[in-house]
Amino acid sequence: MKILHTSDWHIGKQLHKYDLSQDLELFFSWLIAYIKSENIDVLLVSGDIFDQANPSQAAYKQYYDLLKNLINLDCKIILTGGNHDSPTVLNAPAELLKAFDISVIGGATETLDDMFVTVQKNNEKLVVAAIPFLKDRDIRKSAAGESYATKIEQIKSGLRTYFSDVNTHYNQHHAEQVFIVMGHLYVQGSELSDSERDIQIGNQAGVEANMFGDTPHYVALGHIHKPQVISEAQNIHYCGSPIPLSFSEKEDCKQINVITVMDNNISQIDIVPIPKHRNLVTFEGSLQEVEDLSLIHISEP
């Protein structure tokens, strides 16, 4: 079984008022071709499907056009909400999308079991804890007059407890099966770019990588746009955004992660570069110098 991990599509994103939909469309076309050619069985999208909680009609269209093309492939799709997403918006068509083997978890559900998705293909079985971005109310009880430091510590404690409960649920109901945890959050030590925006709690509430424990076989993270390995020993990965979302990412090599499951174990993790369709270039100097540099750059093949 082959699982593809991607995240942070940010459909509808603009970079300095420049529409990035064409860049995303080129990525989506490449993604569909890759899933088809490499016989990918499961697609994981770890949050921030949209760039805004209330997407434009153009953003909706790009999203549904992509899903329409994906359902023609024999690929299980699991999407979770990020801090930019509205759980209501993502969940609205969830029941309909189930008919096309697409599982959508826009926000935390009442029970953990509702966020566990099982997949069985090619004589292999996979269990995915599709954990979306967890809001304040999902992980702690607020109290009047509490300090900011107290709030941050309670959030960290709440996240640790939540993911500990996820592991406990797995051990009680799905033990001995390959286990992947999805998450959309900041893990301490992650390298940031200029395009991250944590609406709720800021990066001060980042958690340690050991919070996930030794139970998951792979942790598929979203939220940080720079691809990076948080822990090789625990297989904790940010795959990053598929296209640059700020000029601070112009040198990043964007990627998808492909996890191979064989004989009830993860046998391989491949880092697959995404073709770069556009270069982001910065110019510094006087107005005349910038104009001259830009003309030179445009004239280059």
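Residues numbered from 1 in each chain as written. Predicted model: local features only at pLDDT ≥ 70, side-chain atom pairs only at ≥ 80, totals over all residues. Heavy atoms only, no water.

Draft legend 1. Quick look at the overall build of the protein. A tally of regular secondary structure across the protein gives seven helices and 14 strands. Against the 2.2 N^0.38 benchmark of 19 Å for 301 residues, the protein shows a C-alpha radius of gyration of 20 Å, consistent with a compact globule. Seen along its three principal axes, the alpha-carbon backbone of the protein occupies a region of about 65 × 55 × 40 Å. Going through the 301 residues of the protein one by one, you find that 53% of them count as buried. Carbon and sulfur atoms make up 48% of the accessible area of the protein, which amounts to about 14400 Å² in all. (Helix = DSSP H or I, 4+ residues; strand = E, 2+ residues; numbered from the N terminus. Rg over C-alpha atoms; globule rule 2.2 N^0.38 Å. Buried < 20%, exposed > 50% of the residue type's maximum accessible area, 1.4 Å probe, protein only. Areas by Shrake-Rupley, 256 points an atom, 1.4 Å probe, with all protein chains shown as cover.)

Draft legend 2. Broad picture of a nonpolar patch on the surface. There is a patch of nonpolar side chains on the surface, built from Ile71, Leu96 and Phe100 and spanning about 270 Å² of accessible area. Within the element layout of this structure, Phe100 appears in the loop between α4 (94–98) and β6 (102–105). (Patch = residues over 30% accessible without salt bridge, like charges linked within 9 Å, V, L, I, M, F, W, Y side chains within 5 Å. Salt bridge = Lys/Arg side-chain N within 4 Å of Asp/Glu carboxyl O.)

Draft legend 3. Structural detail: the pattern of salt bridges. The tally for this structure, following the rule as stated, stands at 13 salt bridges. A salt bridge links Glu38 to Lys2, with the nearest nitrogen and oxygen atoms 3.7 Å apart. Placement of Glu38 in the loop between α1 (21–37) and β4 (42–46) and of Lys2 in strand β1 (residues 2–6) is noted, with a sequence separation of 36 residues between them. By relative accessible area, Glu38 is classed as partly exposed at 31%. Judged by relative accessible area, which is 28%, Lys2 ranks as partly exposed. Among the salt bridges present, the one from Asp23 reaches Arg278, with a minimum N-O distance of 2.7 Å. In this pair, Asp23 is assigned in helix α1 and Arg278 in the loop between β14 (265–273) and α7 (287–299), connecting sequence segments 255 residues apart. Connected through salt bridges with shared partners, the residues Lys226, Glu249, Asp252 and Lys254 form a single ionic network.

Draft legend 4. Region of the structure containing the pairing of β14. Bridge count between strand β13 (residues 255–262) and β14: eight bridges; the pairing is antiparallel. Within the sheet, the bridge partner assigned to Val261 lies in β14 and is Ile266. (Pairing = 2+ DSSP bridges.)

Draft legend 5. Focus on the nonpolar core. Ranked by internal contacts, the top residues of the largest apolar core, which has 46 residues, are Ile3, Leu44, Leu126, Leu159, Phe163, Val166 and Phe212. Looking at this core, the elements with two or more residues in it are β4, β7 (116–121), β8 (124–130), α6 (148–173), β9 (178–184), β10 (218–222), β12 (236–238) and β13. Looking at which element gives the most residues to this core, the answer is α6, with six residues. (Core = buried A, V, L, I, M, F, W, Y, C linked by side-chain atoms within 4.5 Å.)

Draft legend 6. Here's a closer look at the sheet that holds β10. One open sheet accounts for six strands, arranged β7-β8-β9-β10-β12-β11; its pairing is mixed. Since the sheet does not close on itself, it has two edges, and those belong to β7 and β11 (228–231), each with one partner. The sheet shows a mean angle of 25° between the axes of neighbouring strands, direction not considered. Sheet contacts for α6: β7, β8 and β9; angle to β9, the most-contacted strand, approximately 160°. (Axes fitted to C-alpha atoms, helices over the stretch in contact; angles between N-to-C directions. Contact = heavy atoms within 4.5 Å.)

Draft legend 7. Representation of the state of the cysteines within the structure. Summed over the entire model, instances satisfying the criterion amount to zero disulfides. Cysteine Cys75 remains unbridged, with the sulfur of Cys239 as its closest cysteine sulfur at 14 Å. Assessed through its relative accessible area of 6%, Cys75 is described here as buried. (Disulfide = S-S within 2.5 Å.)

Draft legend 8. Region of interest: the environment of Asp263. Along the chain, Asp263 falls in the loop between β13 and β14. The sequence separation of Asp263 and Asn123 amounts to 140 residues, and the corresponding C-alpha distance is 8.7 Å.

Draft legend 9. Spatial organisation of the sheet that holds β1. Read from one edge of the open sheet, six strands run β6-β5-β4-β1-β13-β14, paired in mixed fashion. Edge positions in the sheet fall to β6 and β14, since each has one partner strand and no second. Recorded for the sheet is a direction-independent mean angle of 15° between the axes of neighbouring strands.

Draft legend 10. Structural detail: the side chain of Gln62. Take Gln62: it is sitting in helix α2 (residues 57–70). Those residues within four positions of Gln62 in sequence are excluded, and the remaining contacts are Ile11, Ser21, Leu24, Glu25 and Phe28.

Draft legend 11. Just α6, in detail. Helix length check: α6, at 26 residues, gives a terminal C-alpha distance of 37 Å against a target of 38 Å (1.5 Å per residue), a fit within 8%. Among all positions of α6, only Ile152, Ile155, Lys156, Gly158, Leu159, Tyr162, Phe163, Val166, Asn167, His169 and Tyr170 are buried. (Expected span 1.5 Å × (residues − 1).)

Draft legend 12. Spotlight on the pairing of β7. Sheet topology note: the β7/β8 ladder contains six bridges and is antiparallel. Among the inter-strand pairings, Lys121 is bridged to a residue of β8, identified as Glu124. Taken together, β7 and the strand that follows it, β8, pair antiparallel across an intervening segment of two residues, in which Asn122 is found at a positive phi of about 50°.

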